[in-house]
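# Structural description and commentary
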Amino acid sequence: MGVYNHEAFADHEQVVFCHDEKTGLKAIIAVHSTVLGPAAGGCRMWAYRDDDAALCDVLRLSKGMSYKNAMAGLNLGGGKAVIIGDAKTDKSEELFRCYGRFVDSLGGKYITAEDVGISVSDMEVVSQETPHVAGLNSGLAASGDPSPFTARGTFNGIRAAVKHRLGTESVRGLKVAVQGLGHVGWHLCKYLHEAGAVLFVADINDEVVQHAVKEFGATAVPCDEILFASVDVIAPCALGAVLNETSIPLLKTSIVAGAANNQLAKTSDGELLRTWDILYAPDYVINAGGIINVAAEIEGSYDRKWVDTKVAAIYDVLMDIFERADKEKGSTSDIADLIAQEKIDSAVKAVTKGKQDQIVA
Ligand code: NAD
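What you are looking at is a predicted structure, and each value in this text was computed from that prediction instead of being measured. Residue positions are given per chain, counted from 1 along the sequence in the order it is written. This being a predicted model, a pLDDT of at least 70 is required before a residue's local features are given, and a value of 80 or more before pairs of side-chain atoms are given or counted; all residues contribute to the totals for chains, interfaces and linings. Note that the side-chain values use all heavy atoms of the structure and ignore hydrogens as well as water.

### What about the packing of aromatic side chains?
- Two aromatic rings, drawn from Phe, Tyr or Trp (for Trp, its six-membered ring), form a pair once their centres lie within 6.5 Å of each other, and the interplanar angle then sorts them: stacked below 30 degrees, edge-to-face above 60, tilted otherwise. Under the counting rule described, the total for this entry stands at 4 aromatic pairs.
- Ring geometry for Tyr-4 against Phe-9: centres 5.5 Å apart, planes inclined by 70°, an arrangement best described as edge-to-face.
- Geometrically, the ring pair formed by Tyr-67 and Tyr-284 is tilted, given 6.0 Å between the ring centres and 55° between the ring planes. Of this pair, Tyr-67 sits in helix 1 (residues 51–71) while Tyr-284 sits in helix 8 (residues 283–286), placing them 217 residues apart in sequence. Secondary structure follows DSSP: runs of H or I at least 4 residues long count as helices, runs of E at least 2 residues long count as strands, and numbering of each begins at the N terminus.

### What about helix 6 (residues 206–216)?
- Considered for burial, the residues of helix 6 that qualify are Val-208, Val-209, Ala-212 and Phe-216. All buried residues of helix 6 project into a common sector of 105° when viewed along the axis, lining one side. Facing away from the buried surface of helix 6 by more than 90 degrees, the exposed residues are Glu-207 and Lys-214.
- What makes two residues a contact is simply this: any of their non-hydrogen atoms within 4.5 Å. Where helix 6 is buried, its residues touch helix 5 (183–194), strand 8 (198–202) and strand 9 (219–220).
- Think of a polar contact as two N or O atoms within 3.5 Å of one another; within protein, one of them needs to be a possible hydrogen donor and the other a possible acceptor, and neighboring residues in sequence only count if both atoms come from side chains. Among the residues of helix 6, the N-terminal cap falls to Asn-205, whose side-chain oxygen and the backbone nitrogen of Glu-207 are separated by 3.0 Å.
- Once helix 6 ends, the next one or two residues include Gly-217, with phi positive near 65°. Burial status follows relative accessibility: with a 1.4 Å probe on protein chains alone, a residue under 20% of its type maximum counts as buried, one over 50% as exposed, and anything between as partly exposed. It is the directions from the helix axis to the C-beta atoms that the arc portrays.

### A word on the sheet that holds strand 10 (residues 233–236)
- Pairing between strands is defined by DSSP: at least two bridges between them are needed. Pairing in this open sheet of 6 strands is parallel, and the strands run 9-8-7-10-11-12 from one edge to the other. Every other strand in the sheet has two partners, leaving strand 9 and strand 12 (279–280) as the edge strands with one partner each.
- When strand 7 (residues 175–179) meets strand 8, the two strands line up parallel, connected through 5 bridges. The partner of Val-178 across the bridge, within strand 8, is Val-201.
- All axes are obtained by fitting lines to C-alpha atoms, using only the stretch in contact for helices, and the reported angles, taken between N-to-C directions, cover 0 to 180 degrees. Sitting on the sheet, helix 6 is in contact with strand 8 and strand 9, with an inclination near 170° to strand 8.

Right, dumping it as structure tokens:
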């Protein structure tokens, strides 16, 4: 399959194939849109089965970043990068420096950061070659680990879903099942526990599960059962594609609201959730807390108050989506895509009008 006719191409502005024989770097940088600002999105390192799988992943993720950044009200477009390789065995300082030079060659059109397989220290190496990198631990505006902010935003999103579906302001006494107790899932459990929710948890790492049982009074659930627990809210915080035509009919919850990226296996699974009367908080809206924190670093002067206000606003953004989905009898995921695209389109119109006004003047 080619690039322009690729099913995930989605009108990308620019796709850069990077190769360096000396370091073994093979990477793809996808810039979906710079309409709202420089394209920001993390870099993923993954041993893809073939080049098409890498291309497909980077194109989908990059468009997702345009929508995520638009919905969070950030002055950022959407982009993403993938490095093809095994994060356990293929990393080297030279490889990341080389990647940094490719990012730099785009002159700030794309701003890179961490994603799956990439650590803050890898990005510190990238930053030796380019200033167009965020999510660092050092520097004037360093924003550090985005995960607690992602968790806070997800907690706000759960509150919005609970309010909309169950009509209650608080999660106190509600049963919430959290799949994955990693960087985000753990912090989310902390917020939920403090707010009085009753927790059910699962992770492939038994040690962290036992820790949650002790720390939060959580009930441990086997990994293959957590999604199907009889609870008020399911919060996927581990893998993508957990919501699909096989799993959705088996869910025993009325709300799915979690931080994992790409929770829907197919776009049409959003409609399937609606058919089963399950309220779904679109992933890229509820999990935007981390990119909001990174955006504060990109702005150049980290402002914690600005971050907190934006992360709190995830509640309102989701409420609007839920209400519009009810009114238009559409799935929440389709409505979110529509609103995000509307925001980008209206920015394109504003830019075009500005240029026309300049010509007339
Ligand atoms: P992480 O790698 O720290 O945590 C993932 C956890 O899921 C790990 O503890 C892992 O053991 C567990 N896990 C893996 N497979 C599992 C399974 N089958 N069942 C149960 N648990 C399983 O990742 P993270 O940073 O916490 O991110 C979690 C999700 O949220 C990912 O999908 C990520 O893309 C998304 N996300 C994260 C951020 C962020 O700020 N970190 C921002 C936006 C979206």
